[in-house]
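Each chain is listed here by its residues.
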Number of protein chains: 2
Amino acid sequence: MGSEVDEAFTELQRRHVRMTPQRRTILTYLVTHHNHPTVETIHEALDQQTPNMSLATIYNTLKLFVDLGIVIELANGEDGVHYDYYNKPHYHAICTNCGRIADVFYPDFPKVAQQLEKEAADQTGYQITGNHIEVYGLCPQCQKKLNSKS
Amino acid sequence: MGSEVDEAFTELQRRHVRMTPQRRTILTYLVTHHNHPTVETIHEALDQQTPNMSLATIYNTLKLFVDLGIVIELANGEDGVHYDYYNKPHYHAICTNCGRIADVFYPDFPKVAQQLEKEAADQTGYQITGNHIEVYGLCPQCQKKLNSKS
DNA sequence: TGCCTAAGTTAGAATCATTTTAAATCGATT
DNA sequence: AATCGATTTAAAATGATTCTAACTTAGGCA
Ligand SMILES: [Mn+2]
Ligand SMILES: [Mn+2]
Ligand SMILES: [Zn+2]
Ligand SMILES: [Zn+2]
């Protein structure tokens, strides 16, 4: 059970990443919550089960996961940095009014992303290793809210 | 001669944006420099010709231009936020080692971006108004630097 | 199994990019 | 030219992230 969590742990062991209770807890949270939490969201959520976890540890751990490539950062959006356990390729729609983030799973996305990466590599000589692709606009809730104001 | 700078000013007048010397100066800098400056870069560059321009004014003005849609923010990249006067559609390659930013002009880019926007709108109900598309990796200089270390 | 040590965690302090403030100044409309 | 809301400014405040230094621990090894 919780196989996705187990898979994630196994992957870290395979990569000789030292396992700590804090890392377990944070990774479990990320794998089981497909919201796109900020550091503060994670801190508050974990405060229930693991009081006294330092913010510094959350920052350190997220940076580690990002460097390992299993987590991505969403740095745009109105409010702070959001994090996402990234197993299936997808991109994001971000609300310019409230910051709400929605996943977009598009079968052709990997193809499209590779196309953009290849073109960039050919044109600039960069050795491309990844991408940040997001679209933004008004989420359905904010559309309603703003429409009823006129 | 309707230089690019004049066109930019005309566009602002058309939109009834109040014109100030500071806004003129900053817009002129952005239009004539195709580097991707940070607030600090702009502040230092303008300090020569316009001492005493407040950092707050630069922040305010850039936010205005971004809201007007004539300037885009590059929020990823290792070091702070970069700005770009965005006339011709293009995307960016960002070096994960030194932060250097390169333009990528790809004829199919508008088509590809629209495809991603349409799919996101259909799937999420968001009213999409724009996108942030970047790829990242090692710039040529950093490739050399890091190769010669092994 | 029980050390040992490099690596990780912690609370609190420090940093520093950005925002806020309140007073002075200015642009543009009449 | 007068008017007034918008803009600018320097300085202070904010707040997210990073740093520090002491403490603790995971995991390899005897
Ligand atoms: Mn996601
Ligand atoms: Mn550019
Ligand atoms: Zn919204
Ligand atoms: Zn580089």
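Quick caveat, the model's predicted, so the values are computed rather than measured.

A separate point is the nonpolar core. Core analysis: the largest hydrophobic core is formed by 36 residues, its most contacted members being A:Tyr91, A:Leu116, A:Ile133, B:Tyr91, B:Leu116 and B:Ile133. Where this core is concerned, the elements lending two or more residues are strand 3 (91–95), strand 4 (101–104), helix 5 (109–124) and strand 5 (127–138) of chain A together with strand 3 (91–95), strand 4 (101–104), helix 5 (109–124) and strand 5 (127–138) of chain B. Those residues within four positions of A:Ile133 in sequence are excluded, and the remaining contacts are A:Tyr91, A:His92, A:Phe109, A:Ala113, A:Leu116, B:Leu116, B:His132 and B:Ile133.

Moving on: the coordination of the manganese ion (ligand 1). By definition of the ideal shapes, four donors in a tetrahedron about a metal sit 109.5 degrees apart, and six donors in an octahedron sit 90 or 180 degrees apart. Residue and element names in this part refer to chain A. Bound to the manganese ion (ligand 1) are the protein donor atoms His 36 (NE2), Asp 84 (OD), His 90 (NE2), His 92 (NE2) and Asp 103 (OD), situated 2.1 to 2.3 Å from the metal. Donor residues binding the manganese ion (ligand 1) come from one chain and are separated in sequence as H-x47-D-x5-H-x1-H-x10-D. Both residues of the pair, Asp 84 and His 90, count as buried.

In the vicinity of DNA strand D, 15 residues are found, and the nearest of them are A:Met19, A:Tyr59, B:Arg18, B:Thr20 and B:Thr57. Within 4 Å of the protein, the contacting atoms of DNA strand D are drawn from sugar and phosphate to the extent of 80%. Between DNA strand D and B:Thr20, the relevant distance is 2.5 Å, taken from a phosphate oxygen to a side-chain nitrogen or oxygen of the residue. Within the residue set of the surface near DNA strand D, elements represented by two or more residues are helix 4 (55–68) of chain A together with helix 2 (21–32) and helix 4 (55–68) of chain B. Tallied by class, residues from the surface near DNA strand D come to seven nonpolar, five polar and three charged.

The next thing to look at is the interface of chain B and chain A. Facing 39 residues of chain B, the contacting portion of chain A comprises 39 residues. Approximately 3500 Å² of surface area, both sides summed, lies buried where chain B meets chain A, with 59% of it carried by carbon and sulfur atoms. It is B:Tyr126, B:His132 and B:Tyr136 that lose the most area in chain B upon contact with chain A, and together they represent 21% of the buried surface on that side. Here chain B is connected to chain A by zero salt bridges. Along the contact surface separating chain B from chain A lie 18 residue pairs in polar contact (both at pLDDT 80 or more). Secondary-structure elements contributing two or more residues to the side of chain B that touches chain A are strand 3, strand 4, helix 5, strand 5 and helix 6 (140–147) of chain B. Within the side of chain B that touches chain A, the residues separate by chemical class into 22 nonpolar, 12 polar and five charged.

Residue and element names in this part refer to chain A. Look at Asn 52: it is not a glycine, yet its phi comes out positive at around 70°. Along the chain, Asn 52 falls in the loop between helix 3 (39–47) and helix 4. When its relative accessible area of 75% is taken as the criterion, Asn 52 is described as exposed.

Residues and elements named next belong to chain B. Protein-derived ligands of the zinc ion (ligand 4) are Cys 95 (SG), Cys 98 (SG), Cys 139 (SG) and Cys 142 (SG), with the metal-ligand distances lying across 2.2 to 2.3 Å. Given four donor atoms and angles of 104 to 113° at the metal, the environment of the zinc ion (ligand 4) is assigned as tetrahedral. Donor residues for the zinc ion (ligand 4) sit on one chain with the sequence pattern C-x2-C-x40-C-x2-C.

Here the focus is the domain arrangement of chain A. Residue and element names in this part refer to chain A. Split into domains, chain A comes out as domain 1 (1–87) and domain 2 (88–150). Summarising the inter-unit geometry, the C-alpha centres of domain 1 and domain 2 are found 22 Å apart. Taken together, the contacts link 13 residues of domain 1 with 13 residues of domain 2. A buried area of about 1000 Å², summed over both sides, lies between domain 1 and domain 2, and 54% of it is on carbon and sulfur atoms. Applying the counting criterion to the domain 1 and domain 2 interface returns zero salt bridges. Run the count over domain 1 and domain 2 and you get five residue pairs in polar contact (both at pLDDT 80 or more). For the side of domain 1 that touches domain 2, the secondary-structure elements that each account for two or more residues are strand 1 (71–74) and strand 2 (82–85). Considering each element in turn, the side of domain 1 that touches domain 2 owes the most residues, three residues, to strand 1.

Attention now goes to the UniProt feature "binding site: Zn(2+)" (unreviewed entry) in chain A. Residues and elements named next belong to chain A. Within the UniProt annotation, "binding site: Zn(2+)" (unreviewed entry) is assigned to Cys 95, Cys 98, Cys 139 and Cys 142. Taken along the chain, the residues just named run across 48 residues; in space they keep tight, none of their C-alpha pairs more than 8.2 Å apart. Within the secondary structure, Cys 98 is located in the loop between strand 3 and strand 4. Among the residues examined, Cys 98 registers a relative accessible area of 35% and is labelled partly exposed. What Cys 98 contacts, discounting residues up to four positions off in sequence, is Cys 139 and Cys 142. Among the residues examined, Cys 142 registers a relative accessible area of 1% and is labelled buried. Those residues in contact with Cys 142 that sit more than four places away from it in its chain are Cys 95, Asn 97 and Cys 98.

The rules behind these values
Position numbers for residues count from 1 along each chain, tracking the sequence in the order it is written. Whichever chain is written first becomes A and whichever ligand is written first becomes 1, with later ones labelled in order. Totals for whole chains, interfaces and linings use every residue, but because this is a predicted model, local features are given only for residues with pLDDT of at least 70 and side-chain atom pairs only at 80 or more, for both listing and counting. Think of the side-chain values as coming from all heavy atoms in the structure, minus any hydrogens and water. Here, the term nonpolar core denotes a set of buried Ala, Val, Leu, Ile, Met, Phe, Trp, Tyr and Cys residues that are joined through side-chain atoms within 4.5 Å. Throughout, exposure labels follow a simple rule: accessible area from a 1.4 Å probe, protein chains only, divided by the maximum for the residue type, with under 20% read as buried, over 50% as exposed, and the rest as partly exposed. Runs of H or I in DSSP of at least four residues are treated as helices and runs of E of at least two as strands, each being numbered from the N terminus. Contacts are assigned to residue pairs that have any heavy atoms within 4.5 Å of one another. Note that water is not among the atoms considered, so a metal site may appear incomplete; the donors listed are N, O and S atoms within 2.8 Å of the metal, with 3.2 Å applied to Na, K and Ca. We call a residue near a molecule or strand as soon as one heavy atom of that residue lies within 4 Å of the molecule or strand. Think of a polar contact as two N or O atoms within 3.5 Å of one another; within protein, one of them needs to be a possible hydrogen donor and the other a possible acceptor, and neighboring residues in sequence only count if both atoms come from side chains. Gly counts as polar in this scheme, as do all residues outside two lists: the nonpolar Ala, Val, Leu, Ile, Met, Phe, Trp, Tyr, Cys and Pro, and the charged Asp, Glu, Lys and Arg. Two parts placed together each lose some accessible area under a 1.4 Å probe, and adding up what both lose gives the buried area. When a carboxyl oxygen of Asp or Glu lies within 4 Å of a side-chain nitrogen of Lys or Arg, that pair is called a salt bridge. In this scheme the shape depends on donor count and angles: four donors with every angle between 85 and 135 degrees give tetrahedral, four or six donors with opposite pairs above 155 degrees and others between 65 and 115 give square planar or octahedral in turn, and any other case is irregular. Where each domain begins and ends follows an automated or database-derived domain assignment. UniProt positions are given in the numbering used here, feature names are shortened, and annotations may be inferred rather than shown by experiment.

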